[in-house]
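# Results of the structural survey
Here is what each chain is made of, one letter per residue.
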Amino acid sequence: NFLKDWILKNKYFSQTVWADDILSKRIFSLLTNLSFYFDTADENFQKNFINFVYAQVIYLFSKVKSNNIFCLKAKLLASICLKSLNNSYKTLTSDLNRLLDEEFLGDGMYFTRSPSDHFLILCSLIDIRNFLATAKIEIPKSLNIKIDEMISVLKFFRIADGQLAIFNDHRYIQSKKIENVIKKS
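Residues numbered from 1 in each chain as written. Predicted model: local features only at pLDDT ≥ 70, side-chain atom pairs only at ≥ 80, totals over all residues. Heavy atoms only, no water.

## Remarks on the layout of surface pockets
In this structure, the largest pocket encloses a volume near 310 Å³. Together, 13 residues line the largest pocket, and Leu-3, Lys-4, Ile-7, Phe-45 and Asn-48 are the ones closest to its centre. Elements with a minimum of two residues in the lining of the largest pocket: α1 (2-10) and α4 (43-63). When residues of the lining of the largest pocket are assigned to their parent elements, the largest contribution, 5 residues, is made by α4. When its residues are assigned to classes, the lining of the largest pocket shows 6 nonpolar, 4 polar and 3 charged. Considered as a void within the structure, the second largest pocket measures approximately 240 Å³ in volume. If you trace the second largest pocket, you find it lined by Phe-70, Lys-73, Leu-120, Cys-123, Ser-124, Ile-126, Asp-127, Asn-130, Lys-177, Asn-180, Val-181 and Lys-184. (1 Å grid on protein atoms, 1.4 Å probe; cavity = no way out; pocket = protein on both sides within 12 Å on 5 of 7 lines; lining within 4 Å. Points joined across faces, edges and corners; volume = space filled by probe spheres on them. Helix = DSSP H or I, 4+ residues; strand = E, 2+ residues; numbered from the N terminus. Nonpolar A, V, L, I, M, F, W, Y, C, P; charged D, E, K, R; others polar.)

As structure tokens, this is what we get:
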């Protein structure tokens, strides 16, 4: 009922709910958890749900010009999940390569020089690599190289208690999450 109510309240454009980053993260979350929503739902809910997701994806592709990592991640996943968007994949991988070139410094650090930002971006890149692998799509070599570089930087910024060093707009990240990302890479 919660999701159904939320869809009814937010199916039309609003500046807050449909903001680029929020929309991108929502699409990614909805698509990666699709089976959860469909397991016990009736057919009517499934149709409404997929129409709602599809409308957001179309908006993302047609109106959102930002190609930050969160938008790219959602667009890449949508292009894999939806046949009508499969032809977008090459353009999106070019955009990803451009992002990898432009937003990362020569030492492998994310341009903000914030260890917590670096961690969150790394998680998104690992997500991208994982769903490309799951879809049996060749993973761009530049993506694997960047993830390896970022892991090295992440290890450098860990302090004795497993946390990340605190500077440049720091956000708390559990040391267990940091350890899991290092292991998964």
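After that view of the structure, there is still more to cover.
## Here's the deal with unusual backbone geometry
Although it is not a glycine, Arg-113 adopts a positive phi angle of roughly 60°. Here Arg-113 shows up in the loop between α6 (89-102) and α7 (115-134). The class of Arg-113 is partly exposed, set by a relative accessible area of 33%. Of note in this structure, Lys-136 is not a glycine but carries a positive phi near 60°. Its location among the elements puts Lys-136 in the loop between α7 and α8 (141-156). (Buried < 20%, exposed > 50% of the residue type's maximum accessible area, 1.4 Å probe, protein only.)

## What about the packing of α8 against helix α9 (residues 175-184)?
Two elements in contact, α8 and α9, have axes separated by 10 Å at closest approach and are oriented at 145°. Relative to α9, the crossing made by α8 is left-handed. When α8 is examined against α9, the residues Ile-151, Leu-154 and Lys-155 are found in contact with a partner set consisting of Ile-178, Val-181 and Ile-182. Class assignment for the residues of the contact of α8 with α9 results in 5 nonpolar, no polar and 1 charged. (Axes fitted to C-alpha atoms, helices over the stretch in contact; angles between N-to-C directions. Left-handed = near helix turned anticlockwise from the far one by under 90°. Contact = heavy atoms within 4.5 Å.)

Purely geometric stuff here, so don't read any function into it on its own.
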